[in-house]
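Results of the structural survey
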Amino acid sequence: MNAAIWITCKLALVTTLVLLVLGTPLAWWLAQGRSRFLRTLVEAAVALPLILPPTVLGFYLLLLLAPDGAIGQFSQSGLAFSFMGLVIGSVIYSLPFVVQPLAASFSQLDTRLLQLGRSQGLNPWQLLRHIVLPATCHAFVMAAALGFAHTVGEFGVVLMIGGNIPGETQVLSILLFDEVETLNFAQAHRIAGGLLAASFALLVVLYSWQKKRGHTRVAT
Amino acid sequence: MNAAIWITCKLALVTTLVLLVLGTPLAWWLAQGRSRFLRTLVEAAVALPLILPPTVLGFYLLLLLAPDGAIGQFSQSGLAFSFMGLVIGSVIYSLPFVVQPLAASFSQLDTRLLQLGRSQGLNPWQLLRHIVLPATCHAFVMAAALGFAHTVGEFGVVLMIGGNIPGETQVLSILLFDEVETLNFAQAHRIAGGLLAASFALLVVLYSWQKKRGHTRVAT
Amino acid sequence: MWQLELDGQQWRWPQGQWLGISGPSGCGKTQLLTHMACGTKGLLQRGAQTNLLTLPSHKRGLGWAAQSAALWPNQRVHTMLNALAALHQANHWQRDAHELGITPLLQQYTDTLSGGERQRVALLAAVICAKNLLLLDEPVSALDANAAHHVLNAIRHITAQRELSAILVSHQWQDLAATCHWVYHWQSNSFSTLADAHRAHVLNHPSNACALWPLDGPSLNGQVLVNGQPLDCGPLAPNTLRVRIDAHEVSIAHQQPGPSSIANTLSVTVTGLSHISDTSLIATLDWHGYQLYALITPKAATTLGLAKGLCVYAQFKAHAVNSA
Amino acid sequence: MWQLELDGQQWRWPQGQWLGISGPSGCGKTQLLTHMACGTKGLLQRGAQTNLLTLPSHKRGLGWAAQSAALWPNQRVHTMLNALAALHQANHWQRDAHELGITPLLQQYTDTLSGGERQRVALLAAVICAKNLLLLDEPVSALDANAAHHVLNAIRHITAQRELSAILVSHQWQDLAATCHWVYHWQSNSFSTLADAHRAHVLNHPSNACALWPLDGPSLNGQVLVNGQPLDCGPLAPNTLRVRIDAHEVSIAHQQPGPSSIANTLSVTVTGLSHISDTSLIATLDWHGYQLYALITPKAATTLGLAKGLCVYAQFKAHAVNSA
Amino acid sequence: SQTLRIAVASNFKPTLEALLPLWQAQNDIAITVSSGPSGALTQQILAGAPFGLFLSADAGFPEALYVKDKGAKPVVYARGQLIAACGHNASAAMAALQQANTLALANTRTAPYGQAAAGWLTEHGKHFSAKQVQAGSVAGALQFAVTGNADCALVAGSFRQLAPKLHWYPLPHAPVLTQAASVINNSSAAQTFLSFLLSDAAQHFIQQNGYLAAKP
Ligand SMILES: Nc1ncnc2c1ncn2[C@@H]1O[C@H](COP(=O)(O)OP(=O)(O)OP(=O)(O)O)[C@@H](O)[C@H]1O
Ligand SMILES: Nc1ncnc2c1ncn2[C@@H]1O[C@H](COP(=O)(O)OP(=O)(O)OP(=O)(O)O)[C@@H](O)[C@H]1O
Ligand code: MOO
Ligand SMILES: [Mg+2]
Ligand SMILES: [Mg+2]
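The name that an unreviewed UniProt entry assigns to chain C is ATP-binding cassette domain-containing protein, with the source organism given as Gilvimarinus japonicus.

What follows is the structure, encoded as structure tokens:
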């Protein structure tokens, strides 16, 4: 079980980092890019993992990651049943959870504010740092939390491409499934209860921390 | 397969409707409610299904929906492995996907605008209709789409509490899993390809439609 | 009678009259109005009716034109105004919209309006909502002086018909002078009638010093009746409440002067001489109980031998008599 | 020399001077400035340098104080100003901040500022960013007249030291009169020097009619040199560019008048009589090539027998001579 | 008309579906088939899943149901064999398994074929270096091999016809799984179907599909 916890956390962390790095520019382009038609297509593609059952993803990933598949061929013996394979699967699976909150938040930015910032001499990077990030930090926290959480909660894709190898690809959700199916309810309760408590604690901490400073001019 | 499509759509539709009705007031309270401490706790609880593996949810739901469980006892023979049970599971599972975009959007509303609306004599319902909805229609579309999509994509929970009964609880994701496992790749390709194409089409339509009217004062 | 008690302040002014609030940038005017619209502490009450601040915000019957001129997002101007009018049974808002020059904007989305257009729409929304009291927070700051004057006069006319009171925050003294009966002056923490506030204002802002005289009736043939006496005047705006005679337009002479383009000569008594700077002096002149001010140089005062109690002639041109 | 070509318009004004834009609410002033800051079509160029509109927005070196007075969200004022100053190597912004009264606000979050405070911070940000040109969109609309005058004068002083040009949009003619050298008047679609624009302005707005005379030097002992001649004047603001003499302060007489508090008497020639209304007439008077206006009644004009070419005496008090 | 819901272990699903036309010719009871690892199905039945008949891959899971009073006394309907399926050619099972890098099994806890494979490997396969991966059910294990993600899979002999492209090797000392059925909730339709399953015609058909006779 400890191995499963460690793998789950590692997978979620790596996935979240990869997604933040890839997702930010992608979300920016989706929210502010020029070509409207292309944007709509990419937007739909980004949202696909959301609507597609994990089994569809898992199925195509199985084909792609196989030793003679489009992705698997670059590795020695295929990427299925490896941690790397899980990361690839999770990145695709959790992509919308990071990109969508970011893009939504980016597109809510006041155009006039961005125009102003640009006219103030800020290059795109400075614009991100001084105006976009402060205005959307809420969304970044949310995106990271969603990406992390959704990867922890991943089950179907891992079930299909993970191979349930203890210490390597057996994450908590799979372990729990096994325990329940083998009627090992005591252990199941331990895992489920632990995950429940840990998740709840994590979320409470996260939400308390991100509560906005109360500097609105609300009269009391 | 037709039965599975029908069940999947029915489940997603019912779940989305239930979630919009329940989720809007909940999201409003989360975004604008008074008690900060209670709000943080509820916020964390709402986000739980996100971070919890579907297997944890499925496990607890199994216990709850069983004929002698907390929920199942109100029905004749338990609610697990019935459509009703799936709806309950899906509502819980997709809750954060509806509530979070709504709450995020509600909390981004300008306090001054709400104060103004209230002082203009709008009761909470009118406030929702005239100010909140127009300002957040983007988020409602997003919430409905996410809720629907995530329910279509549900796998782990259905696997555990659905029982894979054709015509009753066998949704597309489960059917696909079956077909892949039984090496029925032609059929699997048909289902996966169909889902992929339909999802993509749906998303393209959705995103084209919700693109904001271009009435910003951007100089060209 | 309106009554406001807040933060230890206590103000009372008659129903149907306007209260003006003036104060420097950042002193808290906007916060005060926000509190009246949304806060719960304090007292704001008409006659013996319930304290409005104990009611929930949406039942207070206030018309609040906030400084940000916020409008309902993501919809057309007429959608917003129609919804508000339906809510408040305001059937004749189109007439007021026309008066405020909003009619051509009704089809536009609220976020495409220019600064001045937003303000006028927000103002109309406030007028539609006001059942008990109008709260106007710098409602004409994005308009030029003439348009501002026109808009404020129109609003004053509408409120007069409905016997509505208003609280007006403005950084332009002339906005207050044109509309208000009572003034709260933040810096000196004084609540008084406009006339008293004006007297203090004159000495603090000598460059803007002027007499404010209420009219006995509307102007006729370039003349108005003030204090029972006819005065020659320039063209006055319709619905003029009072006239303004700027201090630097008033000159003083010992003798009834010979023929010139100066139309009004009044026999007055010097009641005060206030030193303003090395080059300025304000002479306060009494004309049958009405104050008149003359801004002159110390040199002139010496030459004329001005002193308290002296009887002199005050002269000002017809065009010095303007709408306040 | 600055050059702007846009929508078939073509304006040129010398480097270091200010261009004012006046026009009614909603005519498109804000959109014009937005286009200069972000648009790509047209020409905006200093001397023979590159057309700024072909550069990406962030390389144009503009200081844009937008009408909405938008500030960087969710951070303190000093964070924003420091970041901008670091970016533009502006080391002495604290001095300017002090001048604009922003120093006490530096620790506040940008969204807690009052209307006037926001405007002043936005203005300072624009000044920090301006390398080539300042674009000011109603930069002082939330300030009272005195504060506005002070702030604009401070900005003009800063730009003068850096030989910076500016484009100022304002609905207050006095803002333009106090700072600009060139004016674009939207309604009449005319681009001209301030003096010419002013001449047209006077006849359109008789109630605001005034003479605008540039000073030969700073004022001394209540006197200024204008056109080589000393005039008695009231207290003038520091850095005054020109003085204003309101038309309704000027009276006309046939003979050199006797002693009164009227300090300035000039011998002038009547060059025009413009009928304004039944009760008003503006007499245009020439004083060694400088225009002076007198707002009088037709009755007075008849009494005095005023006609083109007549030599008369124009009188105005020292306090009629004000900073524009 | 009546519907009988059958929960069937993954290994027997193809055979069961092939049998259905035979059944439909004689009966008008409609059949729906849900398949999965036997352990998962057992757990679902315990949780109240509305199945009438449970066809397990071993005798243990039906026995557990019987003990918990959820099902009737188990009846053996077939005996299955564990067999190796490989993507590559080799002289025999041991050689083929030796060469494999990845070896797919059914879940070693919820699927009897997985349990059997794990048992066989501990006895005879200590020297194999292949990485062991588990699919949910025995069908999943085969799928891993068919898609090329695994080199070999230890699966049910009954799958032989499904993947003719793979190379199939009988195992030395191959374990035999006694597959028992259990009628749930005293369903009469289930009883009828079970009788049909034990009929000679059906038994003959089952044996043609890679199973050993129910009664040794
Ligand atoms: N949440 C807050 N935190 C700190 N200071 C605040 C906050 N909200 C407002 N202030 C300060 O309170 C003061 C009063 O603000 P207010 O908006 O009422 O001023 P105002 O009188 O309306 O000024 P203006 O004429 O410029 O609009 C300002 O100095 C402002 O910076
Ligand atoms: N996206 C848009 N769609 C339609 N009309 C628009 C749009 N954006 C601006 N306008 C209109 O263009 C006109 C010019 O707007 P602009 O903001 O430039 O006016 P302005 O001259 O700055 O006025 P003000 O002095 O009131 O600020 C206005 O009438 C406005 O309603
Ligand atoms: O119960 Mo199975 O047939 O070993 O997956
Ligand atoms: Mg304010
Ligand atoms: Mg504008």
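All names here are of chain D. The protein atoms donating to the magnesium ion (ligand 5) are Thr-30 (OG1) and Gln-67 (OE1), with metal-donor distances spanning 1.8 to 2.1 Å. Highlighted residues: Thr-30 in helix H1 (residues 29–38) and Gln-67 in the loop between strand E5 (62–65) and helix H2 (77–88), separated in sequence by 37 residues. Classification of Thr-30 by relative accessible area gives buried; the value is 18%. Taking relative accessible area as the criterion, Gln-67 reaches 22% and is therefore assigned partly exposed.

Attention now moves to the interface of chain B and chain C. Taken together, the contact between chain B and chain C spans 19 residues of the former and 25 residues of the latter. Taken together, the two surfaces of chain B and chain C that pack against each other cover about 2000 Å², and 59% of this comes from carbon and sulfur. The tally of links between chain B and chain C comes to zero salt bridges. Where chain B meets chain C, there are five residue pairs in polar contact (both at pLDDT 80 or more). Listed by contribution, the elements that provide at least two residues to the side of chain B that touches chain C are helix H5 (111–119) and helix H6 (124–152) of chain B.

To continue, consider helix H8 (residues 200–208) of chain E. All names here are of chain E. Restricting attention to buried positions, one finds in H8 the residues Ala-202, Gln-203 and Ile-206. Buried positions in H8, seen along its axis, are confined to an arc of 100° and lie on one side of it. Exposed residues on H8 whose side chains face more than 90 degrees from its buried face are Asp-200 and Gln-208. Among the structural elements, helix H1 (13–26), strand E4 (75–86) and helix H7 (188–198) are those in contact with the buried residues of H8.

Residue and element names in this part refer to chain C. Most of strand E16 (residues 280–287) sits out of view: seven of its eight residues are buried. Pairing of strand E15 (residues 264–277) with E16, which is carried by seven bridges, proceeds in the antiparallel orientation. Paired with Thr-269 across the two strands is Asp-286, which belongs to E16. Judged from the seven bridges that link them, E16 and strand E17 (residues 290–296) form a sheet pairing that is antiparallel. Counterpart to Ala-283 in the pairing with E17 is Ala-294. Hairpin connection between E16 and E17: a loop of two residues separates the two successive antiparallel strands, and His-288 in this loop has a positive phi of roughly 50°.

It is worth spelling out the site of ligand 1 at this point. The local shell around ligand 1 holds 19 residues, among which C:Thr30, D:Gln108, D:Ser114, D:Gly116 and D:Glu117 are the closest. Positioned at a junction of chains, ligand 1 has nearby residues supplied by chains A, C and D. Contact distances for ligand 1 include 2.5 Å between an oxygen atom and a side-chain N or O atom of C:Thr30. Measuring from an oxygen atom of ligand 1, one finds a backbone N or O atom of C:Gln31 at 2.9 Å.

Looking now at the relation of the copies chain A and chain B. With an axial shift of 0.0 Å and an RMSD of 0.2 Å, the rotation relating chain A to chain B amounts to 180°. Look at the turn and shift together and you get a two-fold axis relating the two. Across chain A, the rotation axis passes nearest the C-alpha of A:Gly156, at a separation of 3.0 Å.

Glancing now at the pattern of salt bridges. Overall, the coordinates contain six salt bridges over all chains when judged by the stated rule. Note that C:Asp232 and D:Lys299 form a salt bridge whose closest N and O atoms lie 3.2 Å from each other. Placement of the pair is C:Asp232 in strand E12 (residues 229–232) and D:Lys299 in helix H8 (residues 298–304), with the two residues belonging to separate chains. For C:Asp232, a relative accessible area of 9% translates into the label buried. Overall, D:Lys299 belongs to the exposed group, its relative accessible area being 54%.

Once that is clear, we can look at the state of the cysteines. All names here are of chain D. Taken as a whole, this structure holds one disulfide over all chains when the rule is applied. Considering cysteine sulfurs only, Cys-180 is the nearest to Cys-27, which forms no disulfide, with 15 Å between them. Residue Cys-27 is classed as partly exposed on the basis of its relative accessible area of 22%.

For the rest of this paragraph, the subject is the sheet that holds strand E2 (residues 9–13) of chain D. Residues and elements named next belong to chain D. An order of E2-E1-E4 is seen for the three strands of this open sheet, with the pairing classed as antiparallel. Two strands bound the open sheet, and with one partner strand each, they are E2 and strand E4 (43–46). Here the strands of the sheet are splayed against their neighbours by 5° on average, with no regard to which way each runs. Bridge analysis of strand E1 (residues 2–6) against E4 gives four bridges, and the strand direction is antiparallel. Residue pairing in the sheet places Leu-4 in a bridge with Leu-44 of E4.

Another point: the site of ligand 2. Neighbouring residues of ligand 2: 18 residues in total, closest C:Gln108, C:Ser114, C:Gly116, D:Gly26 and D:Thr30. Contacts to ligand 2 include C:Glu117, whose side-chain N or O atom sits 2.8 Å from an oxygen atom. One of the backbone N or O atoms of D:Lys29 is found 2.7 Å from an oxygen atom in ligand 2. Here the shell around ligand 2 is built from residues that sort into two nonpolar, 12 polar and four charged.

On to the confidence of the model for chain C. In this model, chain C carries a mean pLDDT of 86, and residues with pLDDT of at least 70 account for 97%. Within chain C, the lowest mean pLDDT, 74, falls on helix H7 (residues 194–204) of chain C, and the highest, 94, falls on strand E7 (residues 165–169) of chain C.

A few words on the confidence of the model for chain E. Low pLDDT means the predicted coordinates in that region are not meant to be read closely. All names here are of chain E. On average, residues of chain E score 89 in pLDDT, and 100% of them are at 70 or above. Averaged over each element, pLDDT in chain E is lowest for helix H2 (residues 38–46) (85) and highest for strand E3 (residues 53–55) (94). For this predicted complex, the interface confidence score (ipTM) comes to 0.74, while the overall pTM stands at 0.77.

A word on the interface of chain A and chain B. Listed as interface residues are 63 residues of chain A and, on the opposing side, 63 residues of chain B. Contact between chain A and chain B buries roughly 5800 Å² in total, counting both sides, with carbon and sulfur atoms accounting for 74%. Inspection of the chain A/chain B interface yields zero salt bridges. Between the two partners, chain A and chain B, sit three residue pairs in polar contact (both at pLDDT 80 or more). Sorting the residues of the side of chain A that touches chain B by element identifies helix H2 (36–51), helix H3 (54–65), helix H4 (83–108), helix H5 (111–119), helix H6 (124–152), helix H7 (156–161), helix H8 (172–181) and helix H9 (185–210) of chain A as the ones contributing at least two each. For the side of chain A that touches chain B, the element with the most residues is H9(A), which contributes 14 residues. For the side of chain A that touches chain B, a count of residues per class yields 38 nonpolar, 18 polar and seven charged.

This paragraph deals with unusual backbone geometry. With a phi close to 50°, C:Glu163 is a non-glycine residue in the positive phi region. By relative accessible area, which is 55% here, C:Glu163 ends up exposed. The phi angle at D:Ala69 is positive, at roughly 55°, despite the residue not being glycine. Assessed through its relative accessible area of 5%, D:Ala69 is described here as buried.

All right, on to the packing of H8(A) against helix H3 (residues 54–65) of chain B then. At a minimum axis distance of 9 Å, the contact between H8(A) and H3(B) shows a crossing angle of 30°. With respect to H3(B), the element H8(A) is oriented roughly parallel. Within the contact between the two elements, H8(A) uses A:Ser173, A:Leu176, A:Phe177 and A:Val180 and H3(B) uses B:Thr55, B:Val56, B:Phe59 and B:Leu62. A class-by-class count of the residues in the contact of H8(A) with H3(B) yields six nonpolar, two polar and no charged.

Now for the side chain of E:Gln134. Inspection of the secondary structure puts E:Gln134 in strand E6 (residues 131–134). Filtering out sequence-adjacent residues up to four positions away, E:Gln134 remains in contact with A:Gly163, A:Asn164, E:Leu105, E:Ala106, E:Asn107, E:Thr108 and E:Phe144.

The next thing to look at is the arrangement of the chains. For the eight pairs of chains in contact, the maximum contact count is reached by chains A and B. Structurally, chain D and chain E remain out of contact, their C-alpha atoms never closer than 50 Å.

Attention shifts here to the sheet that holds E5(D). Residue and element names in this part refer to chain D. Taking strand neighbours across the sheet as the criterion, the six strands line up as E5-E6-E7-E3-E8-E9 in an open arrangement whose pairing is mixed. Two strands lie at the open edges of the sheet, namely E5 and strand E9 (190–193), each paired on one side alone. Within this sheet the neighbouring strands show an average axis-to-axis angle of 15°, counted without direction. Pairing of strand E3 (residues 18–22) with strand E7 (residues 165–169) involves four bridges; the strand directions are parallel. Bridge pairing in E7 places Ile-21 opposite Val-169.

What counts and how
- Residues numbered from 1 in each chain as written.
- Chains lettered and ligands numbered in written order.
- Predicted model: local features only at pLDDT ≥ 70, side-chain atom pairs only at ≥ 80, totals over all residues.
- Heavy atoms only, no water.
- Donors = N, O, S within 2.8 Å, 3.2 Å for Na, K, Ca; no water.
- Helix = DSSP H or I, 4+ residues; strand = E, 2+ residues; numbered from the N terminus.
- Buried < 20%, exposed > 50% of the residue type's maximum accessible area, 1.4 Å probe, protein only.
- Contact = heavy atoms within 4.5 Å.
- Buried area = accessible area lost by both parts, 1.4 Å probe.
- Salt bridge = Lys/Arg side-chain N within 4 Å of Asp/Glu carboxyl O.
- Polar contact = N/O pair within 3.5 Å; in protein donor to acceptor, adjacent residues only side chain to side chain.
- Arc of directions from axis to C-beta.
- Pairing = 2+ DSSP bridges.
- Near = heavy atom within 4 Å.
- Least-squares fit on C-alpha atoms with pLDDT ≥ 70 in both.
- Disulfide = S-S within 2.5 Å.
- Axes fitted to C-alpha atoms, helices over the stretch in contact; angles between N-to-C directions.
- Nonpolar A, V, L, I, M, F, W, Y, C, P; charged D, E, K, R; others polar.
- pLDDT = per-residue confidence, 0-100.
- Parallel < 35°, antiparallel > 145°, perpendicular 65-115°, else oblique.

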